[in-house]
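For reference, the chains in residue letters:
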Amino acid sequence: MFGKAILGCGLTAAILVNYWVLAPILGVDHDPGFSWISDLAARGEEGNWRFALLNGLSGVVVICFGALLWPALGRRDGLGASALRWGLILLIASGALAIADALMPVSCARSLGEGCVRAGDLVDDLHELESALSVLVTGGAMILIGLGLRKGGGPRWLASAGLSAGVAFLVMSGLISMREVVDAFNECKGWLQRGGQVVFGCWLAAMAFAADGRKLRP
């Protein structure tokens, strides 16, 4: 029963962190290569609440998944135990930041072709800070859990997947930060951000399948 619960929770999280795929289905006219995911939930956008709700739900499910992983990973002793615990803490923090992201949407969606000028208010400032922190926390969670599994004798394929996914996630986010210097990255920043979420989702799914098969038990 526990295995099915963790599998379902992990797969649900993997899907929800990629809620952006619903934008064209819901009729949002945007360029996914240029637009930010968070702009879908901007305060000035009609129907923004749908994406804010999905974003918040993704955070709740990620937190639940991290909590469900704790018995298998957070209670280990020996090599890699500290990395695993901190990785889980960061994973749960990643979910909490997604909830914060949903509660603090930007004032308007510049990347959706609105031509708007953001208010630059406290919510906008907090959103920008939260977004930067979320990148570091999410990438760090994958890397630390992968490192902990490698040191602690976990499945080698899963350890490698965690390390690779975390590095790929941070690299794509790093390329986005270079958009002011390299214009090409500005034009494809949306795909880089979405690519990072796909990587995160695939890692969540891999963790869910491994946990369901009891491969994470010490």
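Note that the structure is predicted; figures quoted are calculated from it, not measured. (Residues numbered from 1 in each chain as written. Predicted model: local features only at pLDDT ≥ 70, side-chain atom pairs only at ≥ 80, totals over all residues. Heavy atoms only, no water.)

Once that is clear, we can look at the overall build of the protein. A tally of regular secondary structure across the protein gives seven helices and zero strands. Shown N-terminal to C-terminal, the secondary structure of the protein runs as helices and strands in the order α-α-α-α-α-α-α. Over its C-alpha trace the protein gives a radius of gyration of 18 Å, about what one expects of a compact globule, namely 17 Å for 218 residues. Dimensions of the protein, computed from the C-alpha atoms along their principal axes, are close to 55 × 40 × 30 Å. Contacts spanning at least 24 positions in sequence make up 75% of the contacts within the protein whose residues lie at least 6 apart. For the protein, the accessible surface area stands at approximately 10300 Å², while carbon and sulfur atoms represent 66% of it. Each charge class in the protein can be summarised by its mean position, and for the 17 positive and 17 negative side chains these summaries are 19 Å apart. (Helix = DSSP H or I, 4+ residues; strand = E, 2+ residues; numbered from the N terminus. Rg over C-alpha atoms; globule rule 2.2 N^0.38 Å. Contact = heavy atoms within 4.5 Å. Areas by Shrake-Rupley, 256 points an atom, 1.4 Å probe, with all protein chains shown as cover. Lys, Arg positive; Asp, Glu negative; His and termini not counted. Charge placed at Lys NZ, Arg CZ, Asp CG, Glu CD.)

Applying the stated rule across the entire model yields two cavities of 30 Å³ or more. Roughly 30 Å³ of internal volume is contained in the second largest cavity. Residue lining of the second largest cavity: S38, A41, A52, N55, D101, A102, P105 and H127, and that is the complete set. Contributions of two or more residues to the lining of the second largest cavity are made by α2 (48–73) and α3 (81–103). Its residues assigned to classes, the lining of the second largest cavity comprises four nonpolar, three polar and one charged. (1 Å grid on protein atoms, 1.4 Å probe; cavity = no way out; pocket = protein on both sides within 12 Å on 5 of 7 lines; lining within 4 Å. Points joined across faces, edges and corners; volume = space filled by probe spheres on them. Nonpolar A, V, L, I, M, F, W, Y, C, P; charged D, E, K, R; others polar.)

By volume, the largest pocket amounts to about 1200 Å³. If you trace the largest pocket, you find 45 residues lining it, with W36, S38, S131, A132 and Q193 closest to the centre. When contributions to the lining of the largest pocket are tallied by element, the ones reaching two or more residues are α2, α3, α4 (122–151), α5 (156–177) and α7 (189–212). It is α4 that provides the largest number of residues to the lining of the largest pocket, a total of 10 residues. Of the residues in the lining of the largest pocket, the class split is 15 nonpolar, 19 polar and 11 charged.

Moving on: the environment of T12. Mapped onto the elements of the fold, T12 is located in helix α1 (residues 2–16). Along the sequence, T12 and G201 sit 189 residues apart, while their C-alpha atoms lie 9.4 Å from each other.

Tallying each qualifying case throughout the model produces zero disulfides. No disulfide involves C64; its nearest neighbouring cysteine sulfur is the one of C9, lying 5.3 Å away. When its relative accessible area of 37% is taken as the criterion, C64 is described as partly exposed. (Disulfide = S-S within 2.5 Å. Buried < 20%, exposed > 50% of the residue type's maximum accessible area, 1.4 Å probe, protein only.)

With that settled, the discussion passes to the nonpolar core. Counting residues in each nonpolar core, the largest one holds 48 residues, and the members touching the most others are F65, L69, L73, L91, W203 and L204. For this core, the element with the highest residue contribution is α7, accounting for 11 residues. (Core = buried A, V, L, I, M, F, W, Y, C linked by side-chain atoms within 4.5 Å.)

On to the packing of aromatic side chains. For the structure shown, the criterion picks out two aromatic pairs. Between the aromatic rings of Y19 and F51, the centroid separation amounts to 6.5 Å while the plane-to-plane angle is 45 degrees, which identifies the pairing as tilted. In this pair, Y19 is assigned in the loop between α1 and α2 and F51 in helix α2, connecting sequence segments 32 residues apart. F51 shares its class with Y19; the two are buried. Each ring, one from F200 and one from W203, has its centre 6.3 Å from the other, and the planes form 15 degrees; the classification is stacked. Remark: W203 and F200 occur in helix α7; sequence separation between them is three residues, near one turn of the helix. In this pair, the class of F200 matches that of W203, namely buried. Sitting over the ring of F34, K189 keeps its end group 3.3 Å from the ring centre. (Phe/Tyr/Trp six-rings, centres within 6.5 Å; stacked < 30°, edge-to-face > 60°. Lys NZ or Arg CZ within 6 Å of the ring centre and 35° of its normal.)

These figures come from the coordinates and say nothing about function on their own.
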